[in-house]
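# Tertiary structure, described
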Amino acid sequence: MSEKDNITMKDIARELGVSVATVSRALQDSPRISADQRERIQAYAREHKFTPNAVAGSLRRSKVSPLKIIGVIIPQIAHYFFSTILSGIEEAASEHGYSIIVAQSDEQYEREVKICESLLGHRVCGVIISQAKDTMHYEHFQKLLDAGLPLVFYDRICTGLNTSRVVVDDYQGAFTAVNHLIETGCRRIAFYGSDMHLEISKNRYNGYRDALLKNGMTPDPTLHLECDNRADAEALTPALLRRANRPDAVFAVNDDTAIGVLYTAKRLGLHVPEELSICGFTNGERAIACDPMLTTVEQRGHRIGIEAVDILLNQVEGRAPAGSVERRVVKTRLIVRGTTRGI
């Protein structure tokens, strides 16, 4: 770049390897940027005779400054677990004087991309997200970060970006559940899980696998089914339960799937839990509405929502450095009911 060229914030960001938002904040002496980073950016701007665009700055102050509104992207509002998280988010946001804008991706990547674009236009101060099942590309999330918006992921986290997150202890929850099944006499335990590109499915599978290995049992790949909803469980389970060497237990990635297994087992004339033990993962209202009531891992969604807001507002209000990453884990607990045997 020649000295006659007018250097821009984008140029500074590219040369120093930071985001445009970081440059903007540093040039405004924002406390959200570390003192060293502010001095480095300001020195570079002075050296290259950077002159702010007064008109653009006025527009930013009048039209783009964020409001006390938090954007929330949820995969499915009707899902019990996500609805409890949303309740925690709304409660915590309201306590701190913030409102929320909620959008449902309905598990669709394209819809998720459009939601992110819309939230930018709504001047939100940050976004709390659980990504859709089929999201494999993350440019739309990166655009939010480039615009200076803090992001906090919950449940389904984006492993392609280094961002803050709140998750339940999926691995330990699964390990405890499967160990319970083994302690109650089960020896062929099937795993019903989501697509393995999702971190929660990997973690729950790893907990399942390690519980088997700890008890001297070898995981059987024929007992690992990709199935994470009731309809698919009802479609796939009959063939599994009609095998000569059928499983004597099922650990499912969520309650809806587990209830689909329960319904199918009863329809086929199997006694639960005497002939088939079943354990889910959520502890939603349906877990106590089935017969027998479902043994499951409690996720504590309300607490996840509260923690997500706390992390986000720490960044929005300057208590945490801009760009900082915080990871929190909410503990699970096993709720033993009628679909598993007594010890």
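Before reading on, note that the structure itself is shown above.
So, here's what we can say about the structure. (Residues numbered from 1 in each chain as written. Predicted model: local features only at pLDDT ≥ 70, side-chain atom pairs only at ≥ 80, totals over all residues. Heavy atoms only, no water.)

Here we come to the packing of helix H8 (residues 170-183) against helix H9 (residues 199-214). One way to put it is that H8 packs onto H9 with a least axis distance of 7 Å and a crossing angle of 35°. With respect to the hand of their crossing, H8 and H9 are arranged in right-handed fashion. Contacts from Asp170, Tyr171, Ala174, Phe175, Val178, Asn179 and Ile182 in H8 reach Ile200, Asn203, Arg204, Asn206, Gly207, Tyr208, Asp210, Ala211, Leu212 and Lys214 in H9. Residues of the contact of H8 with H9, tallied by class, amount to nine nonpolar, four polar and four charged. (Axes fitted to C-alpha atoms, helices over the stretch in contact; angles between N-to-C directions. Helix = DSSP H or I, 4+ residues; strand = E, 2+ residues; numbered from the N terminus. Left-handed = near helix turned anticlockwise from the far one by under 90°. Contact = heavy atoms within 4.5 Å. Nonpolar A, V, L, I, M, F, W, Y, C, P; charged D, E, K, R; others polar.)

Further remarks concern empty space enclosed by the protein. Within the structure shown, the criterion is met by one cavity of 30 Å³ or more. Taken as a whole, the largest cavity encloses approximately 30 Å³ of empty space. Together, Val113, Cys116, Glu117, Leu120, His140, Lys143 and Leu144 line the largest cavity. Looking at the lining of the largest cavity residue by residue, the classes come out as four nonpolar, one polar and two charged. (1 Å grid on protein atoms, 1.4 Å probe; cavity = no way out; pocket = protein on both sides within 12 Å on 5 of 7 lines; lining within 4 Å. Points joined across faces, edges and corners; volume = space filled by probe spheres on them.)

With respect to topology, six strands assemble into an open sheet ordered E2-E1-E3-E4-E5-E11, the strand pairing being parallel. What marks the edges here is a single partner per strand, and that holds for strand E2 (99-104) and strand E11 (327-330). Adjacent strand axes in the sheet meet at a mean angle of 15° when their direction is disregarded. Direction of pairing for strand E1 (residues 69-74) relative to strand E3 (residues 126-129): parallel, over a ladder of four bridges. Among the inter-strand pairings, Gly71 is bridged to a residue of E3, identified as Val127. In the packing of helix H12 (residues 301-316) onto the sheet, contacts are made with E1, E3, strand E4 (151-154), strand E5 (164-168) and E11, and the angle to E5 comes to roughly 165°. (Pairing = 2+ DSSP bridges.)

Another point: the pattern of salt bridges. For the structure on display, the rule yields 17 salt bridges. Between Arg46 and Glu39 there is a salt bridge, with the nearest N and O atoms lying 3.1 Å from each other. Its relative accessible area of 41% is what places Glu39 among the partly exposed residues. Note that Arg333 and Glu298 form a salt bridge whose closest N and O atoms lie 2.5 Å from each other. (Salt bridge = Lys/Arg side-chain N within 4 Å of Asp/Glu carboxyl O. Buried < 20%, exposed > 50% of the residue type's maximum accessible area, 1.4 Å probe, protein only.)

This part covers helix H11 (residues 255-267). Here H11 spans 18 Å end to end across 13 residues, near enough to the 18 Å set by a 1.5 Å rise per residue. Of all the positions in H11, only Asp255, Thr257, Ala258, Ile259, Gly260, Val261, Leu262, Thr264 and Ala265 are classed as buried. Contacts made by the buried residues of H11 are with strand E6 (189-193), helix H10 (230-241), strand E8 (249-252), strand E9 (277-282) and strand E10 (295-298). For H11, the capping residue at the N-terminal end is Asn254, with a side-chain oxygen 3.4 Å from the backbone nitrogen of Asp256. A positive phi of about 90° marks Gly269, the residue just after H11. (Expected span 1.5 Å × (residues − 1). Polar contact = N/O pair within 3.5 Å; in protein donor to acceptor, adjacent residues only side chain to side chain.)

One number sums up the size of the second largest pocket: a volume of about 500 Å³. Forming the boundary of the second largest pocket are 26 residues, of which Ser19, Thr22, Leu145, Ala322 and Gly323 lie nearest the centre. Elements with a contribution of two residues or more to the lining of the second largest pocket: helix H2 (20-27) and helix H7 (139-146). In the lining of the second largest pocket, the residues fall into ten nonpolar, 13 polar and three charged.

Here we take up the nonpolar core. Most often, soluble globular proteins keep nonpolar side chains buried together rather than apart. With 67 residues, the main nonpolar core has Ile70, Ile128, Ile189, Tyr192, Tyr208 and Phe251 as its most contacted residues. Counting residues per element, this core draws most heavily on H12, at eight residues. Val124, Ile129, Leu149 and Leu161 belong to the second largest nonpolar core, which has 18 residues in total. (Core = buried A, V, L, I, M, F, W, Y, C linked by side-chain atoms within 4.5 Å.)

Reading across the sheet, the six strands line up as E7-E6-E8-E9-E10-E12 and stay open at both edges, with mixed pairing between neighbours. Looking at strand neighbours, the two that pair on one side only are strand E7 (224-226) and strand E12 (333-335), the edges of this open sheet. Strand-to-strand twist in this sheet, taken as the mean axis angle between neighbours without regard to direction, amounts to 20°. Pairing of E10 with E12 involves three bridges; the strand directions are antiparallel. Among the inter-strand pairings, Glu298 is bridged to a residue of E12, identified as Arg333.

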